[in-house]
Amino acid sequence: MSVLWGGAQVVLLGAAALGYGTPAAFCLKAGETPLERFANRMVMGLGVVIMATVCGGWLRIWGPWFHHGLIAAGLLMLALWKPGPIWPRPLPLGGRNLVWAVPALAVLLFYAAFPPTFYDSLLYHLGVPAYYLQRGGFSPWAENFFSALPQNGEMLNLLLLSGGSAQGAKFLSLATAALLFLFLVDWAGESGLRHAWLPTLVFFSIPEALFLSATEKNDLLLMFFLLPAVRHLARSGKERCGWRSCAAAGILLGLAGGVKWQGLIIGAGFVAARVATSPLPLKKRLLQAALVAALVFVLVCPWLVKNQVLFANPVHPYLSGLFPSASSPSAQAREIGAGVRRGQDFSPGSILSFLRAMFLSPYSLGLTHVTGVIILLLLPLLALRSGLPGKRFLLAGCLLAFLLTLGASRVPRYFLPVFLALSIPLASGWEALLARFPRYRRLAFSLLLTLVAVQAIQAVALLERMTLGARYVLGKWQGTLPASARYLDIIPYHRAGEFINRRLGGETLTAFIGEERTFYIRRPFLASSSFDRNPALADLVDSPDAAAWAKRLRRRGVTHVLYCPQGLERMANNSAASRLQPSQRRRLEAFLACWPRVYDDGRYSIHLLPLP
């Protein structure tokens, strides 16, 4: 039932977003094609839902009734102000050419139906919203720097969680992927591509893009806000006026920046490209760019204000030197930046090494990094002449966005929005190649589909590697797994978490040492991310003996300590904030050995603080 309700929640959320977005899209440039108008209504409506959820956090009214009321109001608006027919003309999908999409959707539905298990999601994308829900509204979480990042996507996850289903966040990603698919086809058809489905094949053949379609990460939501904005910018440079298109682009880019900070970087690249390539007078181009920047700032302001209130620094943990009232996390910010750049510098050798690894070395830059080679092999086709409208803008925007992102990070997943926008020029170059060498059309398609098949196998392997869903179902079916085996037991801490939820009372507070994932914990906890100083470990360092450490922990309200030696070692490898000296590690384990052990599964142990 949780799976069905999760899917139903996403459908209701989309319908409510259409209701909220119709008036907003009516006042702005909604788009030229029916599907573009539909997508813009949906995106702007989601923006309204996000801002309403933010207000609900400050008013501390989050919960089931807030969820039901917000959805019901959007459905009422949809009933009173109908968006009109969505597809009065058929989409240029290509019938038999989309046979590949059917098994892809089936595989994604299979993996999306499982409860969330992905590490980053349990720590951040779902962990932070669940933390806020436990506290009834926005609350400072100084021990988790992820709570300071923009959270437009997390607000939608929070709304779905308050409705009662953890799977809703996964189906939100899947629905976003489907809408991106249709939007890309529509844009390609409007641009005159004969094979309008080809850009979707190019992009969604990237294994990591398919993986994101079945997980709770917010990258596809970022692209769903970003791609319509790029389309508006492409059109505004050709329009006589262009102000309404620029305003719409600014709103969408602001919403994208509120999903991930990479949206601001990539958006800046496309705005700069629009200024550089537009035939409009320079003064007008600069004024319109200023309008876009102002709207982006307004839409990002809610997160700047939240950080100022909770952390005394609107861009926490960065620029701490400009905000003396903050906790001066400059070293933390540098460490996070180095981690995002994978420790690489800006030398030509490092950049070339990253580019080679991104396309040719799966898993070398992260557990989910599988980009594949199709984008790389198609790049030379950009040099071929084609009649693609706005090609100059798209190429300039992709190049600038790629370079800006390259300077800030070395995470392949962050470059996917650039590849999404680049898929249309790549498809146009492919068609130009077929037009120039028509005799080799079948051979070219055979090679392309072979590469797609290889990357599809990589995508399924990636999904299975990160979820173990097929192995779990097969094991249950064949009886190789015990009847009591639960899927969520693949999360190492889940059994210990269930002990905390069921056996510890509401008056307890568990301090986590060696574990940062908290999504499935329903009781009060004190946990820190790898990049933040753990209060329990800080007290340990300052305590001469176990009694003094227990006294310090009791002052924080701690009653139990959860400890995972392997997890602490892994967190220490990620960040200096979690590292202990060997002598301190021995003291930690000696102190814990003095306290009653109420749970132990060989990996995790839970200790009860002795009475004073």
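Above this text sits the structure in question.
Below: a short report on this structure. If you're wondering where the values come from, they're calculated on a predicted model, not measured in any experiment.

Procedures and definitions
Residues numbered from 1 in each chain as written. Predicted model: local features only at pLDDT ≥ 70, side-chain atom pairs only at ≥ 80, totals over all residues. Heavy atoms only, no water. Helix = DSSP H or I, 4+ residues; strand = E, 2+ residues; numbered from the N terminus. Rg over C-alpha atoms; globule rule 2.2 N^0.38 Å. Buried < 20%, exposed > 50% of the residue type's maximum accessible area, 1.4 Å probe, protein only. Contact = heavy atoms within 4.5 Å. Areas by Shrake-Rupley, 256 points an atom, 1.4 Å probe, with all protein chains shown as cover. Lys, Arg positive; Asp, Glu negative; His and termini not counted. Charge placed at Lys NZ, Arg CZ, Asp CG, Glu CD. Salt bridge = Lys/Arg side-chain N within 4 Å of Asp/Glu carboxyl O. Pairing = 2+ DSSP bridges. Axes fitted to C-alpha atoms, helices over the stretch in contact; angles between N-to-C directions. Parallel < 35°, antiparallel > 145°, perpendicular 65-115°, else oblique. Left-handed = near helix turned anticlockwise from the far one by under 90°. Nonpolar A, V, L, I, M, F, W, Y, C, P; charged D, E, K, R; others polar. Core = buried A, V, L, I, M, F, W, Y, C linked by side-chain atoms within 4.5 Å.

**Here we look at the overall build of the protein chain**
- Along the backbone of the protein chain there are 26 helices and five strands.
- Taking 612 residues into account, the globule formula puts the C-alpha radius of gyration at 25 Å, and the protein chain, at 25 Å, falls close to it.
- Projected onto the principal axes, the alpha-carbon positions of the protein chain cover approximately 80 × 55 × 55 Å.
- In the protein chain, which comprises 612 residues, the share counted as buried stands at 58%.
- For the protein chain, contacts bridging at least 24 residues in sequence account for 74% of all contacts bridging at least 6.
- Accessible surface computed for the protein chain: about 25,000 Å², of which carbon and sulfur atoms make up 66%.
- Counting 58 positive and 28 negative side-chain charges, the protein chain places the centres of these two groups 9 Å from one another.

**Some thoughts on the environment of Leu406**
- The topology assignment puts Leu406 in helix α18 (residues 391-408).
- For Leu406, a relative accessible area of 7% gives the class buried.
- When the C-alpha atoms of Leu406 and Ala290 are compared, they prove to be 25 Å apart, with 116 residues separating the residues in sequence.

**A short note on the pattern of salt bridges**
- Applying the stated criterion across every chain yields a total of 18 salt bridges.
- Between Arg502 and Glu498 there is a salt bridge, with its nearest N and O atoms 3.0 Å apart. With Arg502 and Glu498 both in helix α22 (residues 494-503), this residue pair falls four residues apart, about one helical turn.
- Across the pair Asp600 and Arg597 runs a salt bridge whose closest N-O atoms are separated by 2.7 Å.
- You can call Arg597 partly exposed: its relative accessible area is 49%.
- Beyond isolated ion pairs, a larger network of salt bridges with shared partners links Glu36, Asp186, Glu190, Arg231 and Arg235.

**Looking at the pairing of strand β5 (residues 605-608)**
- As judged from the four bridges shared by strand β3 (residues 560-563) and β5, these two strands associate in the antiparallel manner. Paired with Leu562 across the bridge in β5 is Ile606.
- When strand β4 (residues 597-600) meets β5, the two strands line up antiparallel, connected through three bridges. Bridging across to β5, Tyr599 finds its partner in Ile606.

**Some thoughts on the packing of helix α2 (residues 34-59) against helix α14 (residues 282-311)**
- Running from N to C, α2 and α14 cross one another at 20°; their axes reach a closest spacing of 11 Å. The angle between the axes of α2 and α14 places the two elements in the roughly parallel class. In this structure, α2 meets α14 at a crossing whose hand is left-handed. Between α2 and α14, the contacting residues are Met51, Val54 and Trp58 on the first element and Leu299, Pro302, Trp303, Lys306 and Val309 on the second.
- Considered class by class, the residues forming the contact of α2 with α14 number seven nonpolar, no polar and one charged.

**A closer look at the nonpolar core**
- Counting 168 residues, the largest nonpolar core has Leu13, Met155, Phe203, Phe225, Phe270, Phe419 and Trp430 as its most contacted members.
- Not counting chain neighbours up to four residues away, the residues in contact with Met155 comprise Ile50, Thr53, Val54, Trp62, Tyr132, Phe138 and Trp303.
- Counting residues in hydrophobic clusters, the runner-up holds 20 residues, among them Ala536, Leu540, Trp549 and Leu609.

**A closer look at the sheet that holds β4**
- With mixed pairing, five strands are arranged side by side in an open sheet as β2-β1-β3-β5-β4. With one partner strand each, in any of the chains shown, β2 (525-526) and β4 form the two edges of the open sheet.
- With four bridges joining them, strand β1 (residues 510-513) and β3 adopt parallel strand pairing. Counterpart to Ile513 in the pairing with β3 is Tyr563.

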